[in-house]
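Chains, contacts and geometry: an overview
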Protein chains: 2
Amino acid sequence: MITEPRTLPGFMELLPNEQILFEQMKQKIEKVYQRFGFLPLDTPILELSEILLAKAGGETEKQIYRFEKGDTDISMRFDLTVPLAKYVAKNYGNLSFPFRRYQIGKVYRGEKAQKGRFREFYQCDIDIIGDGELGIINDAEIPSVIYQLIKELGFDDFTIRINNRKILNGLFEEIEQKENSVAIMRIIDKIDKIGKEAVKEELQTLGVAEKSIDQIINFITITGTNDEKLQSLQNLGIANEMFQTGLAELTEVVKYIRVFGVPDTNFSVDLTIARGLDYYTGTVYETFLNNYRELGSVCSGGRYENLAEYYTDKKLPGVGISIGLTRLFYKLNELELIKAEKHSMADILIVPMTENMDKPIELASSLRKLDINTEVYLNDKKLKAKMKYADKLKIPYVLVIGDDEITNNQVRVKNMETGEETQVNLIAEEIKAIMKK
Amino acid sequence: MITEPRTLPGFMELLPNEQILFEQMKQKIEKVYQRFGFLPLDTPILELSEILLAKAGGETEKQIYRFEKGDTDISMRFDLTVPLAKYVAKNYGNLSFPFRRYQIGKVYRGEKAQKGRFREFYQCDIDIIGDGELGIINDAEIPSVIYQLIKELGFDDFTIRINNRKILNGLFEEIEQKENSVAIMRIIDKIDKIGKEAVKEELQTLGVAEKSIDQIINFITITGTNDEKLQSLQNLGIANEMFQTGLAELTEVVKYIRVFGVPDTNFSVDLTIARGLDYYTGTVYETFLNNYRELGSVCSGGRYENLAEYYTDKKLPGVGISIGLTRLFYKLNELELIKAEKHSMADILIVPMTENMDKPIELASSLRKLDINTEVYLNDKKLKAKMKYADKLKIPYVLVIGDDEITNNQVRVKNMETGEETQVNLIAEEIKAIMKK
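Conventions used here
Residues numbered from 1 in each chain as written. Chains lettered and ligands numbered in written order. Predicted model: local features only at pLDDT ≥ 70, side-chain atom pairs only at ≥ 80, totals over all residues. Heavy atoms only, no water. Least-squares fit on C-alpha atoms with pLDDT ≥ 70 in both. Contact = heavy atoms within 4.5 Å. Axes fitted to C-alpha atoms, helices over the stretch in contact; angles between N-to-C directions. Helix = DSSP H or I, 4+ residues; strand = E, 2+ residues; numbered from the N terminus. Parallel < 35°, antiparallel > 145°, perpendicular 65-115°, else oblique. Left-handed = near helix turned anticlockwise from the far one by under 90°. Nonpolar A, V, L, I, M, F, W, Y, C, P; charged D, E, K, R; others polar. Salt bridge = Lys/Arg side-chain N within 4 Å of Asp/Glu carboxyl O. Buried < 20%, exposed > 50% of the residue type's maximum accessible area, 1.4 Å probe, protein only. Pairing = 2+ DSSP bridges.

Each copy superposes on the other: chain B lies on chain A with an RMSD of 0.1 Å after a rotation of 180 degrees and an axial shift of 0.0 Å. In symmetry terms, the pair is related by a two-fold rotation axis. Across chain B, the rotation axis passes nearest the C-alpha of phenylalanine 67 of chain B, at a separation of 3.0 Å. Residue by residue, 100% of the interface of chain B is reproduced at the interface of chain A, so both copies engage with the same surface.

See the structure below:
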């Protein structure tokens, strides 16, 4: 009996050419993380539910894949942060702080199936965790990682938006609207869509005093260069201590972001971003590709006061970011901003047209020793079928080796892109020499 | 309330230095797979239970992590072969054959918790899938991949054992013991432990005729070089067609293994290996580190007639191998055959001892541009604490940059292994030049 071969909806499964492209993106991200000295980590996909859900609640909890095996209540991780918190708490004595780690791995959320929404997806995270304290300058290094990363992925026109939650929280304290902060943020967030007057009206409906509404509007309509924005924030004359701390931190972060080599064209103080209201406590980041705003933020994160409060008494402040690689890949692919050009891992295909397989196989071994990915077409087919295989897989170079080639110790290297053929001696080094790097 | 930070038993979670070592092994394996032109694949960890269990049964089924989410009956993959079968059946029209793919990923088996047994573990697989047919020469390429792989992992003294299931099956047909084949294999398997006479007795108890017992004993006691073994098999005079086909295939495979560059010291015809009785139908492989036989086979596989019979009518013969990386890593680490020497991804740590962070940070950016993994110690600590961090992480080179260094544009590069310090200009290129590759 035949079972129809199906893949679960919401689970990305790629064809080889797309998979190669996906792996390339993943490797680029990993390479940048390593350049900055982040350590690799690979925690289990399954955890005890009591660990994963120590904090959770609300939407996240509903989406979790949770089940029992024997007597054990198990859940699939829904992000890489909670497992990191457990890991750091558990291995505290064996880690050096600041603990800088990256993790690239799959996480699981049983969301409603929807185009472009994935239930299994890669997150690519970095975090810097301090033991008791962590200098604000770390918050300035993170955007420089984002900067290198997005450049590495091939984009130049992007903006890393930076804010500090203390500024927002301080403002809400100052105008005595702390309890309304979530609702106010939600309204503020719509200003681009509905305009300033509509925002004002909604704030009135919420019961915010006229004077406070003015302060909010003054605040969110601050424009100008990064330095002008910082100056305008100062000029608002808000004495609130948290506001002033936030402003001082943001000023420091902006100063050092530049030292870390991020040009002002690629980062921007943006007072409206908040990144959820209960987790981040200081600096927050979002990253937008300017010509493709519809993608949303492709890399986000921020500073948190205490990573692992559910698992340890130690105070572990941290700062980090996450890239949702699966969704990013899907969107970039859909917009044709990335293209699956490589259909093969082989740089060269050796096509034997002889009974004597010794020479073709030996040549393949020699080429591999020279770090050239080499495949030998081993099946017994007509030349046409073999060339069709090379063509379909878009293997860059093809060598046909027949008895004549073996006798004369000469071979033609065919560049499959240009059609150009170059005759060389049947020696790995000579073949390598004419292949483009 | 504090929840004790625990990891599920049977789930490997490594400290950073071990994780670096694990990643290095994984990368070496991947690199070798790519050298041979295998394509990457990354199928979901979750599949419909009807897909994963289309064939399964017995022990495997009991071990599976299976649960319902909404109305969907879901299972976690227990190997990479069944998902491959589904994938090839599903994407048949979009693949080029022979389809050569590698996959390195986690699989799940809820086995009894036991030291060195893992419920979540990496498999590193390659398979070559033919459309309708697949030349026997492919069976000779696989051992050359194993050979490169084990060498790459740092071992020289290992043996790839090769057999062909048709030889065994043909022998059992010849002596009319097909229905007893499983029981006979189990008895044969014990010969090293219990000796020839005890094996004979057990075969008698099973009801095997005296003459057949002699044939079995003659068969399994064949010794000598690879060529002598093949000759002895010929000399047995077994006319059975399946036996002769198997012998012809094995002879061909041995011939080409040599062409593929595997020396006779690293492979051996072994007539006793069978690798489970219902899946493999031709060539089978096992790989042993000769000084560490207790590890069991570190890389196994073989030829199967039909990959995806549960999902398609197409006949898809294949040959492949699998490495259980998690267990291999665990065992090699336990035996101290591999050692976690790298504790950091950073090649160099810059230790600022100045208020002026511009120079240290700029230098880090310049070093990163030269492909040197660079970390800046960003927290405000005493020099002693900073050096202790470098020491604990075993970062190879340390640069202390204070105001004097900035003024004089000179810096001492400290080799942390030898203690040696070299003074150079405060320029990335000069620093790189004195770092060992």
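That was the structure; now back to the text.
A separate point is the packing of helix 1 (residues 16-35) of chain B against helix 13 (residues 325-334) of chain B. Residues and elements named next belong to chain B. The N-to-C vectors of helix 1 and helix 13 enclose an angle of 125 degrees; their axes lie 11 Å apart at closest approach. Between helix 1 and helix 13, the interaxial angle falls into the category oblique. For helix 1 against helix 13, the interelement crossing comes out right-handed. Along the contact surface, helix 1 presents Glu18, Leu21, Phe22, Met25, Lys26 and Ile29, while helix 13 presents Leu325, Thr326, Leu328, Phe329, Leu332 and Asn333. A breakdown of the residues in the contact of helix 1 with helix 13 according to their chemical character gives 8 nonpolar, 2 polar and 2 charged.

For the rest of this paragraph, the subject is the pattern of salt bridges. Summed over all chains, the structure comprises 53 salt bridges over all chains. The partner of aspartate 42 of chain B in a salt bridge is lysine 106 of chain A, and the shortest N-O contact between them spans 2.9 Å. Taken together, the residues span two chains, with aspartate 42 of chain B in the loop between strand 1 (39-40) and strand 2 (46-48) and lysine 106 of chain A in strand 5 (residues 99-108). With respect to burial, aspartate 42 of chain B and lysine 106 of chain A carry one shared label: buried. For arginine 258 of chain A, the salt bridge goes to aspartate 227 of chain A, with nearest N and O atoms at 3.2 Å. Taken together, the residues arginine 258 of chain A in helix 12 (residues 241-259) and aspartate 227 of chain A in helix 11 (residues 226-235) connect sequence positions 31 residues apart.

All names here are of chain B. Pairing of strand 15 (residues 410-415) with strand 16 (residues 421-425) involves 5 bridges; the strand directions are antiparallel. Each bridged residue has a counterpart across the sheet, and for lysine 414 the counterpart in strand 16 is glutamate 421. With antiparallel pairing between neighbouring strands as the criterion, strand 15 and strand 16 make up a hairpin whose turn holds 5 residues, including glycine 419 at a positive phi of roughly 85 degrees.

Here we come to the packing of helix 7 (residues 181-188) of chain B against helix 9 (residues 196-206) of chain B. Geometrically, a packed helix pair is captured by the angle between its two axes and the distance between the axes. Residues and elements named next belong to chain B. At their nearest, the axes of helix 7 and helix 9 sit 9 Å apart, and the two run at 165 degrees to each other. As far as their axial angle goes, helix 9 and helix 7 are roughly antiparallel. Considering the relative orientation of helix 7 and helix 9, their crossing is right-handed. Between helix 7 and helix 9, the residues in contact are Ala183, Ile184 and Ile187 and Val199, Glu202, Leu203 and Leu206, respectively. Counted by class, the contact of helix 7 with helix 9 contains 6 nonpolar, no polar and 1 charged residues.

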